[in-house]
Amino acid sequence: MTALVDQWGNPLRKAVLTREVAGPTLAGVRQPIAGYPADGLNPIRLGNILREADQGEPLSYFELAEQIEERDLHYVGVLGQRKRAVSQIDITVKPGSDSAEDARRADMVTEWLERDELAEELFDLLDAVGKATSWTEIVWDVSEGQYQPGRLELCDPRFFRYDRDGRTPLLRGGEDGKSQDSRLPAFKFIRTHIKAKSGLPIRSGLARLAAWSWMFKAYTQRDWAIFTQTYGQPIRVGKYHAGASQDDRDTLYRAVANIAGDCAAIIPEGMDIDFVEAQNVSAGSELYEKRADWLDRQISKAVLGQTNTTDAQAGGLGSGQANVHNDVREDIEKADSKALAAALNRDLIRPWCDLEFGPGTTYPKIIIARPEQEDLKLLSESLKEMVPLGLRVSATEIRSKFGLSDPGEQDEILTAPAPAPIGLDPARPGADRSAITLHARQSPKHPAEQIALQLADQGDAHVQEMAGTIEAMLASASDLGEFRSMLTTAFGDIDSGALADVIAGGLAAAHAAGRSDITDESA
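Computed from a prediction, not measured in an experiment: that's the story for all the values here.

About the cut-offs
- Residues numbered from 1 in each chain as written.
- Predicted model: local features only at pLDDT ≥ 70, side-chain atom pairs only at ≥ 80, totals over all residues.
- Heavy atoms only, no water.
- Helix = DSSP H or I, 4+ residues; strand = E, 2+ residues; numbered from the N terminus.
- Buried < 20%, exposed > 50% of the residue type's maximum accessible area, 1.4 Å probe, protein only.
- Contact = heavy atoms within 4.5 Å.
- Axes fitted to C-alpha atoms, helices over the stretch in contact; angles between N-to-C directions.
- Parallel < 35°, antiparallel > 145°, perpendicular 65-115°, else oblique.
- Left-handed = near helix turned anticlockwise from the far one by under 90°.
- Nonpolar A, V, L, I, M, F, W, Y, C, P; charged D, E, K, R; others polar.
- Salt bridge = Lys/Arg side-chain N within 4 Å of Asp/Glu carboxyl O.
- Phe/Tyr/Trp six-rings, centres within 6.5 Å; stacked < 30°, edge-to-face > 60°.
- Core = buried A, V, L, I, M, F, W, Y, C linked by side-chain atoms within 4.5 Å.
- Pairing = 2+ DSSP bridges.
- pLDDT = per-residue confidence, 0-100.
- Arc of directions from axis to C-beta.
- Polar contact = N/O pair within 3.5 Å; in protein donor to acceptor, adjacent residues only side chain to side chain.

Asker: Teacher, can you tell me more about the overall build of the protein here?
Answerer: Helix and strand counts for the protein stand at 16 helices and 10 strands. Burial analysis of the protein (523 residues in total) assigns 34% to the buried set. Of the contacts formed within the protein by residues at least 6 apart in sequence, a portion of 66% connects residues at least 24 apart.

Asker: For this particular structure, what's the right way to read the packing of helix α3 (residues 73-87) against helix α5 (residues 118-125)?
Answerer: Any two packed helices are characterised by how steeply their axes cross, that is the angle between the axes, and by the distance between the axes. Remark: α3 packs on α5, axes separated minimally by 9 Å, with the N-to-C direction vectors making an angle of 135°. One element, α3, and the other, α5, form an angle in the oblique class. The crossing of α3 and α5 is right-handed. Between α3, through G80, K83, R84 and S87, and α5, the contact on the second element is made entirely by A119, L122 and F123. Partitioning the contact of α3 with α5 into residue classes produces three nonpolar, two polar and two charged.

Asker: For this particular structure, what's the right way to read the pattern of salt bridges?
Answerer: Between side chains of opposite charge, pairing is possible as soon as their charged atoms come close. Following the criterion strictly, the structure yields 28 salt bridges and no others. Between R161 and D181 there is a salt bridge, and its shortest N-O distance comes to 2.7 Å. You can see R161 sitting in strand β4 (residues 160-162) and its partner D181 sitting in the loop between β5 (169-171) and β6 (182-183), a full 20 residues away along the chain. With relative accessibility at 29%, the residue D181 sits in the partly exposed group. Its salt-bridge partner being R370, residue E333 comes within 2.5 Å of it at the nearest N-O pair. One end of the pair, E333, is in helix α11 (residues 330-357); the other, R370, is in the loop between β10 (365-368) and α12 (376-386), with 37 residues separating them in the sequence. Looking at E333, the relative accessible area reads 12%, which means it is buried. What makes R370 partly exposed here is its relative accessible area of 46%. Residues participating in the shared-partner salt-bridge network are E66, E69, D127 and K131.

Asker: So what exactly am I meant to see when it comes to the packing of aromatic side chains here?
Answerer: For any pair of aromatic rings, the description consists of the separation of the ring centres together with the inter-plane angle of the planes. Counting across every chain of the model gives seven aromatic pairs. When the centroid spacing of 6.4 Å and the interplanar angle of 85° are considered together, the rings of F62 and W135 count as edge-to-face. Here F62 is found in helix α2 (residues 59-71), whereas its partner W135 is found in strand β2 (residues 133-143), with 73 residues between them in sequence. Here F62 and W135 have matching classes, each one buried. A centroid spacing of 5.8 Å and a plane angle of 85° characterise the contact between F160 and F189, whose relative ring orientation is edge-to-face.

Asker: Can you help me understand the nonpolar core in this one?
Answerer: One broad trend across soluble globular proteins is that nonpolar side chains are buried collectively. Counting residues in hydrophobic clusters, the biggest one holds 75 residues, and the most contacted among them are Y75, F160 and L344. When sequence neighbours within four positions are dropped, the list of residues in contact with Y75 reads I68, E69, G130, L206, A207, A210, I299 and V303.

Asker: Teacher, can you tell me more about the sheet that holds β2 here?
Answerer: Note on sheets: strands pair through backbone hydrogen bonds, and any given pair is parallel or antiparallel. Across the sheet, which stays open at both edges, the three strands sit in the order β3-β2-β7 with antiparallel pairing between neighbours. At either margin of the open sheet sits one strand with a lone partner, and together these are β3 (146-154) and β7 (189-193). Ignoring which end each strand starts from, the neighbouring axes of this sheet average 30° apart. Note that β2 and β7 share five bridges and pair antiparallel. Bridging across to β7, W135 finds its partner in R191.

Asker: I keep staring at the sheet that holds β4 and nothing clicks. Help me out?
Answerer: In space, the three strands of this open sheet follow the order β4-β5-β6, with antiparallel pairing throughout. In this open sheet, the two edge strands, each paired with only one partner strand, are β4 and β6. Bridge count for β4 against β5 is three bridges, and the pairing is antiparallel. Bridging across to β5, Y162 finds its partner in P169.

Asker: Explain the confidence of the model for the protein to me, please; I cannot follow it from the model alone.
Answerer: Segments scoring low in pLDDT should not have their predicted coordinates read at a detailed level. With 74% of its residues at a pLDDT of at least 70, the protein reaches an overall mean of 80. Contacts of residues 422-441 to residues separated by more than four positions or lying in other chains number 24 contacts, the stretch itself having pLDDT below 50.

Asker: Is there a simple way to think about α5 in this case?
Answerer: Each α-helix turn comprises 3.6 residues. Residues three or four places apart therefore point the same way. For α5, the complete set of buried residues consists of L118, E121, L122 and L125. Within α5, the buried residues cover an arc of 100° as seen down the axis, which keeps them to one side.

Asker: Honestly, unusual backbone geometry in this entry has me stumped. Any pointers?
Answerer: Glycine aside, the phi torsion of most residues is negative, and most peptide linkages are trans. Unlike most non-glycine residues, E144 shows phi in positive territory, near 55°. Tracing the backbone through its elements, the reader meets E144 in the loop between β2 and β3. In this structure, F187 takes a positive phi of about 65° despite not being glycine. You can see F187 is positioned in the loop between β6 and β7.

Asker: Would you take a moment to explain the side chain of K131 for this structure?
Answerer: One can find K131 in helix α6 (residues 128-131). On the accessibility criterion, K131 (1% relative accessible area) is buried. For K131, the side chain forms a polar contact with the side chain of E66, separated by 3.1 Å. Side-chain polar atoms of K131 contact the side chain of D127, separated by 3.1 Å. What K131 contacts, discounting residues up to four positions off in sequence, is Y61, F62, A65, E66, E69, P157 and G205.

As structure tokens, this is what we get:
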């Protein structure tokens, strides 16, 4: 059997598959307690942290990225929104080919994906959205020589760094946490990489972009908190006479400083305290909020690709407009889904199939994608136009597109409403007065209307006679073909002379009325 190796050429060592090798250690370099580089962060210190990461030491950068998520409610909100959008998409498995063996492998993967823990594990894998890269350790279960992924453990990114090439990941302290940094054991880790920008992995994460915005917003929030604490309080100015001693000056200063909180103070006689009211307080307070909101909108653009679903504002891009947008822009969600599926196929599915069946040429493929949304309104309008022209469409297929099931024998069936009956004038000869609704006839005013009504009255009896003959044919015919034959052969025997005379008289009257109108206009 050919020796199995991973994508970096590291040979498989089955002894490490069933135990966790990247967890924290008390005596080694992988300490469970992290540092707090965000405390007192300033531009110079942030620049040094990012440069250290670029030079191969990302420890402080990963600690800072974690702290930003803990301290910025907006950032953790939009980041979680983006991760949950992908982690909750249904996963499908595509067999490598149509063979029975590939179908069996696909069924094995599909059954494993039905685990309840999967959604949480996918959310952890997507930690790469913020930090650019996440490492998840596979702890394998072995039963009677059969391998299966037992659990997926998210690893602390602080326990990894990149080699001098900036691309090859290394495990700090080796497998025991006390040795030299070493390459990752084969078939043990899922490395998810999601880029916010092109470049080296350590420089392509959202946290690197968000760090600057978070730091400036932290300054704004600090100044805003100081302003809020002193909001509405006037400036106190103490005045002392020329001969005041240092003790007198200190006493006056304490009084001025304490009077804001205590609202009371005592000073020696001869000293004054003036209160100066601040102007434009409201305008100054709005500046802090506007700056914090602007920085949050930039974060929303970077994480979600848009701001509507997180920053709806009355009178502008309000919640009504936000409803027409996805939580995450579609192209970003698709890119995240493909990156996650690629990592699982490369680092989990293929190694699993190699362990179970040996190296092969085809492997099952995980697909993470939402079903394409179809425009059902456009489909309905197209069917309304094309079906009457002869297009044959499966009713079952159309029901499935609308999410409707085939009706059962006992189900009540919805049908199109019957067309409204044509109202008949009860004054007309031959009208069935028991089947019509009486209605008032308005007196016609134009000669054309008078001619039309008179023509209808005179011709109705002849039309009823012809219709009766045709109905008799339809009743006696066994099918539509026979009815058509009877209608074509008997059409010449149906007396239409009287109806023709009525129509001719109506045309003559209309012609005369028209000439009368022309004569009147000429006169």
